[in-house]
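Reading the structure
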Amino acid sequence: MASALDRLTYAARQTARIAWYAGHYAAGRRLLKPMPKPDFPVGPTPSRQEMTAAMRAAFQREWQDIRAGLFPAPRPLSVDPADLVRRSVLYFRDLPQVDARRHGAADELPPGEQGDGLPDYYRQNFHFQSDGWLSHRSARLYDIQVETLFTGAADLMRRRAMKPVAEWLADRSQRGLTGLDVGCGTGRLLAFLHGAWPGMKFTGLDLSPPYLAEARRLIGPTARVKLVEGAAERLPFDDASRDLVVSSFLLHELPKEVRARALAEMARVVKPDGLVVIVDSIQKGDRPGWDGLLDLFPHHFHEPYYAEYADGSLGAWGEAAGLTLAASEHAFLSKVVAFARP
Ligand SMILES: C[S@@+](CC[C@H](N)C(=O)[O-])C[C@H]1O[C@@H](n2cnc3c(N)ncnc32)[C@H](O)[C@@H]1O
């Protein structure tokens, strides 16, 4: 049972994170040149107060779930202040290059060779980030860039996946169950899942070796979390071999056909009676007064496949892949959609 001290610790930790990343966001806005006015129609956008209220509501829901005993309060994943400062310095040093790309400097290809087996759709400077997904520098920068963009709520949005997982686990023993995170990136969702359910065996899969190396550094040398290089659209796992499949912030990065194949692969590898949980951006109509943010996002952050993603429906795509929609929640700028495997 969570105590008053637990509540205070949770609130203090989350407030400190928000202050740190909101500070980066505010400083970044001063350093970045404003983007030109969009020359395409932009839907309605929320006020800052509405956005703050939605973020606060998502934190409150997480706390209620912790208090209800669904999962433990998250431990901080980064406890070394020197590391936080080093990443902050790296972030601000890189910002001028990101800004130059935002304003039309060449979209240089990340390091590597064409023909090295990586798909063309993948070999881009997503988010205008230096080196795309393809260097250790990019892997070290990714988390601070994403947390800054979401003013400290990115981990929270990932962790909302834990609610449907906890509910699904309620009548199961976690020991021996297998989980897979598709497009695990730097491993943050995996780290939270492993922290909450250490009896499960997890695998994280990603196309980027540097991101997988960063995930290993974050999670540490446990045999309970394996990390595998591979493609979401060709999962190197047997049919019906995983009890749980999760994926956070991957699907909006994929072209339509690859996204459909990735979802079909998740449906293929999950066991009957298993669970698939997707966390990704809200889509048009989820929060109607926010649709303009979804119009602006791909323009400000180089998201080549996002506009098509935002016009669709995660729930419908999962069902088309053979899954059954089980639960859905909006959490700030994200949504969590859980599917059963009939
Ligand atoms: C936006 S990041 C999300 C990472 C992580 N899940 C998170 O919550 O931050 C997208 C990740 O998907 C990976 N990725 C992109 N396309 C992929 C594919 N076809 N197969 C596997 N991983 C892919 C990238 O390398 C990157 O690590």
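Heads up: the structure comes first, above all this text.
Residues numbered from 1 in each chain as written. Predicted model: local features only at pLDDT ≥ 70, side-chain atom pairs only at ≥ 80, totals over all residues. Heavy atoms only, no water.

Looking now at the overall build of the protein. Summing up its helical and strand segments, the protein has 12 helices and 7 strands in all. Its C-alpha radius of gyration of 19 Å places the protein within 12% of the 20 Å reference for a compact globule of 342 residues. Summarising its shape, the C-alpha atoms of the protein cover approximately 55 × 50 × 40 Å along the three principal directions. Within the protein, buried positions represent 53% of all 342 residues. Expressed as a percentage of contacts within the protein between residues at least 6 apart in sequence, the contacts between residues at least 24 apart total 75%. Per element, the accessible surface of the protein, about 15200 Å² overall, is 57% carbon and sulfur. Across the protein, the 43 positively charged side chains and the 41 negatively charged ones have centroids separated by 6 Å. (Helix = DSSP H or I, 4+ residues; strand = E, 2+ residues; numbered from the N terminus. Rg over C-alpha atoms; globule rule 2.2 N^0.38 Å. Buried < 20%, exposed > 50% of the residue type's maximum accessible area, 1.4 Å probe, protein only. Contact = heavy atoms within 4.5 Å. Areas by Shrake-Rupley, 256 points an atom, 1.4 Å probe, with all protein chains shown as cover. Lys, Arg positive; Asp, Glu negative; His and termini not counted. Charge placed at Lys NZ, Arg CZ, Asp CG, Glu CD.)

A full pass over the atoms with the stated rule returns 9 aromatic pairs. Measuring from ring centre to ring centre gives 5.5 Å for Tyr 142 and Tyr 211, while their planes differ by 65°; the resulting arrangement is edge-to-face. Of the two residues, Tyr 142 is situated in helix 4 (residues 136–149) and Tyr 211 in helix 8 (residues 209–219); the sequence distance between them amounts to 69 residues. In this structure an aromatic cluster arises from ring pairing among Phe 297, Tyr 306, Tyr 309 and Trp 317. Of note, Arg 242 hangs over the ring of Phe 237, and the distance from its end group to the ring centre comes to 4.3 Å. The ring of Trp 290 has Arg 287 lying over it, and the distance from NZ or CZ to the ring centre is 4.7 Å. (Phe/Tyr/Trp six-rings, centres within 6.5 Å; stacked < 30°, edge-to-face > 60°. Lys NZ or Arg CZ within 6 Å of the ring centre and 35° of its normal.)

Now for the sheet that holds strand 2 (residues 201–206). Paired through their backbone hydrogen bonds, the strands of a sheet run either parallel or antiparallel. In space, the 7 strands of this open sheet follow the order 3-2-1-4-5-7-6, with mixed pairing throughout. Looking at strand neighbours, the two that pair on one side only are strand 3 (225–229) and strand 6 (324–331), the edges of this open sheet. Going from strand to strand, the sheet's axes swing by 15° on average, the running direction of each strand aside. Across 7 bridges, strand 5 (residues 270–281) lies against strand 7 (residues 334–340) in antiparallel orientation. Within strand 7, the residue paired with Leu 275 across the bridge is Ala 340. With respect to the sheet, helix 7 (residues 188–196) is in contact with strand 1 (178–182), strand 2, strand 3 and strand 4 (242–248), its orientation differing from that of strand 2 by roughly 180°. The sheet contacts of helix 9 (residues 256–269) involve strand 1, strand 4 and strand 5, and relative to strand 5 the element is tilted by about 150°. (Pairing = 2+ DSSP bridges. Axes fitted to C-alpha atoms, helices over the stretch in contact; angles between N-to-C directions.)

Close to the ligand lie 21 residues, the nearest being Tyr 121, Tyr 122, Gly 183, Asp 206 and Ser 248. Considered on its own, the ligand offers 590 Å² of accessible surface; in the complex 99% of this is hidden by protein. Considering only residue class, the shell around the ligand consists of 12 nonpolar, 5 polar and 4 charged. (Near = heavy atom within 4 Å. Nonpolar A, V, L, I, M, F, W, Y, C, P; charged D, E, K, R; others polar.)

Moving on: the pairing of strand 1. A regular strand carries its side chains on alternate faces of the sheet. Among the 5 residues of strand 1, 5 are classified as buried, and the element is accordingly described as predominantly covered. With burial as the criterion, each face of strand 1 is covered, one bearing Thr 178, Leu 180 and Val 182 and the other bearing Gly 179 and Asp 181. One ladder, built from 5 bridges, connects strand 1 with strand 2; its direction is parallel. Within the sheet, the bridge partner assigned to Val 182 lies in strand 2 and is Leu 205. Tracing the backbone out of strand 1, into helix 7 and back to the parallel element strand 2 gives a crossover that is right-handed. In the sheet, strand 1 pairs with strand 4 via 3 bridges, with the strands oriented parallel. Note on strand 4: the bridge partner recorded for Asp 181 is Val 246. (Right-handed = clockwise from strand over helix to strand, strands pointing away.)

Let us now look at the nonpolar core. Residues Val 182, Trp 197, Leu 244, Leu 251 and Val 277 are the most contacted members of the largest nonpolar core, which totals 89 residues. Look past the residues within four positions of Val 182 in its chain and what remains in contact with it is Leu 205, Ala 232, Leu 235, Val 245, Val 246, Ser 247, Ser 248, Leu 250 and Met 266. Counting 5 residues, the second largest nonpolar core, distinct from the first, contains Tyr 21, Tyr 91, Leu 95 and Ile 144. (Core = buried A, V, L, I, M, F, W, Y, C linked by side-chain atoms within 4.5 Å.)

The subject of this paragraph is helix 7. Most of helix 7 sits inside the fold, with 8 of its 9 residues counted as buried. Those residues of helix 7 not exposed but buried are Arg 188, Leu 189, Leu 190, Ala 191, Phe 192, Leu 193, His 194 and Ala 196.

Our next topic: unusual backbone geometry. Trans is the prevailing form of peptide bonds, just as negative phi is the prevailing case for residues other than glycine. Of note in the backbone geometry, Thr 151 takes a positive phi value of approximately 45° without being a glycine. The exposure class assigned to Thr 151 is buried, which follows from its relative accessible area of 18%. One non-glycine residue, Phe 249, lies in the positive phi region at around 55°. Positionally, Phe 249 belongs in the loop between strand 4 and helix 9.

Pairs of packed helices are described in terms of their axes, by the angle between the two and the distance that separates them. Here helix 1 (residues 4–31) crosses helix 2 (residues 48–67) at 150°, and the two axes come no closer than 12 Å. Looking at the two axes, helix 1 sits roughly antiparallel to helix 2. Between helix 1 and helix 2 the crossing geometry is right-handed. Taken together, the residues of helix 2 that come into contact with helix 1 (itself represented by Asp 6, Arg 7, Tyr 10, Gln 14 and Ile 18) are Met 55, Phe 59, Glu 62, Trp 63 and Ile 66. Here the contact of helix 1 with helix 2 is built from residues that sort into 6 nonpolar, 1 polar and 3 charged. (Parallel < 35°, antiparallel > 145°, perpendicular 65-115°, else oblique. Left-handed = near helix turned anticlockwise from the far one by under 90°.)

No statement about biological role is implied by the geometric values presented.
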